[in-house]
Amino acid sequence: MLQHAREIAPSVSWEILVRVKRSGGMSVNELAAELKMSYMGVKQHCDDLRKQGYVDTWRRPKGTGRPEKIYRPAPKLDLVLTNWGSELCLGLLAHAAQAYGESAPERLLYSYLQQKAERWSSKMKGKTCANAWWNW
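Residues numbered from 1 in each chain as written. Predicted model: local features only at pLDDT ≥ 70, side-chain atom pairs only at ≥ 80, totals over all residues. Heavy atoms only, no water.

Caption draft 1: Focus on the packing of aromatic side chains. Across all of its chains, the model carries zero aromatic pairs by this definition. Positioned over the ring face of Tyr54 is Lys76, at 4.7 Å from the centre of the ring. (Phe/Tyr/Trp six-rings, centres within 6.5 Å; stacked < 30°, edge-to-face > 60°. Lys NZ or Arg CZ within 6 Å of the ring centre and 35° of its normal.)

And the structure:
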């Protein structure tokens, strides 16, 4: 894994890989806007990452005109940016239960979901989901 990390050591390349991995694929224009860089600067990094095998390209159709070229995660990217997902969550909850007692996972999940609900409610305008359900 260290060998792969050395290949993409420049921070711009790392930022591109993180964004591409999270989104599933982005165009050079989208990456340039997010990174506040020039089109050509981002394109050079993307082409280098493609040559190294971390991203591949695909043509995304647009409404009119030419299809847009996007950079998508390649299988080699999983060596550097693994997708832990549910395996990590379940493992952490199991270890929390062992270390802090059987009720620890429930308390952690409750706290997390409560924080998430507070963030959602601050962004919602008008009726909340609960109000919409009861008034339906």
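Caption draft 2: Broad picture of the packing of helix α5 (residues 85–100) against helix α6 (residues 104–123). Taken N-terminus to C-terminus, the directions of α5 and α6 make an angle of 125°; their axes are 7 Å apart at the nearest point. The orientation of α5 relative to α6 falls into the category oblique. Only Ala104, Pro105, Arg107, Leu108 and Leu109 of α6 make contact with α5, whose side of the interface consists of Leu93, Ala96, Ala97 and Tyr100. Taken together, the residues of the contact of α5 with α6 break down into eight nonpolar, no polar and one charged. (Axes fitted to C-alpha atoms, helices over the stretch in contact; angles between N-to-C directions. Helix = DSSP H or I, 4+ residues; strand = E, 2+ residues; numbered from the N terminus. Parallel < 35°, antiparallel > 145°, perpendicular 65-115°, else oblique. Contact = heavy atoms within 4.5 Å. Nonpolar A, V, L, I, M, F, W, Y, C, P; charged D, E, K, R; others polar.)

Caption draft 3: Expanded view of unusual backbone geometry. Although it is not a glycine, Lys36 adopts a positive phi angle of roughly 55°. Its location among the elements puts Lys36 in the loop between α3 (28–35) and α4 (39–52).

Caption draft 4: Structural view of the sheet that holds strand β1 (residues 26–27). Read across the open sheet, the three strands follow the order β1-β3-β2; overall the sheet is antiparallel. Here the strands that pair on one side only, and so sit at the sheet edges, are β1 and β2 (55–60). In the sheet, β2 pairs with strand β3 (residues 68–73) via six bridges, with the strands oriented antiparallel. What sits directly across from Asp56, in β3, is Arg72. Lying on the sheet, α4 is in contact with β2 and β3; it crosses β2 at an angle near 115°. (Pairing = 2+ DSSP bridges.)

Caption draft 5: How the structure looks around the nonpolar core. Counting residues in hydrophobic clusters, the biggest one holds 18 residues, and the most contacted among them are Ile16, Leu17, Leu31 and Val42. Contributions of two or more residues to this core are made by α2 (11–23), α3 and α4. Not counting residues within four places of it along the chain, the set of residues in contact with Leu31 comprises Ile16, Arg19, Val20, Met26, Val42 and Cys46. (Core = buried A, V, L, I, M, F, W, Y, C linked by side-chain atoms within 4.5 Å. Buried < 20%, exposed > 50% of the residue type's maximum accessible area, 1.4 Å probe, protein only.)

Caption draft 6: Spatial organisation of α4. An ideal rise of 1.5 Å per residue puts 20 Å on 14 residues; α4 measures up with 20 Å between its terminal C-alpha atoms. Among all positions in α4, only Gly41, Val42, Lys43, Cys46, Asp47 and Leu49 are buried. As for α4, its buried residues are in contact with α2, α3, β2 and β3. Positive phi shows up at Gly53, right after α4, with a value of about 95°. (Expected span 1.5 Å × (residues − 1).)

Caption draft 7: A look at the pattern of salt bridges. For the structure on display, the rule yields seven salt bridges. Between Asp78 and Lys21 there is a salt bridge whose closest N-O contact spans 2.4 Å. Taken together, the positions of Asp78 in the loop between β3 and α5 and Lys21 in helix α2 put the pair 57 residues apart, joining distant regions of the chain. For Lys21, a relative accessible area of 23% puts it in the partly exposed group. Note that Asp56 and Arg72 form a salt bridge whose closest N and O atoms lie 3.4 Å from each other. Here Arg72 lies in strand β3 and Asp56 lies in strand β2, a separation of 16 residues in the sequence. Assessed through its relative accessible area of 26%, Asp56 is described here as partly exposed. (Salt bridge = Lys/Arg side-chain N within 4 Å of Asp/Glu carboxyl O.)

Caption draft 8: Main features of the packing of α3 against α4. At a minimum axis separation of 9 Å, α3 and α4 run at an interaxial angle of 115°. With respect to their mutual orientation, α3 and α4 come out roughly perpendicular. Classified by chirality, the crossing of α4 by α3 is right-handed. Note on element contacts: α4 touches α3 through Tyr39, Val42, Lys43 and Cys46, opposite Val28, Asn29, Leu31, Ala32 and Leu35. Counted by class, the contact of α3 with α4 contains seven nonpolar, one polar and one charged residues. (Left-handed = near helix turned anticlockwise from the far one by under 90°.)

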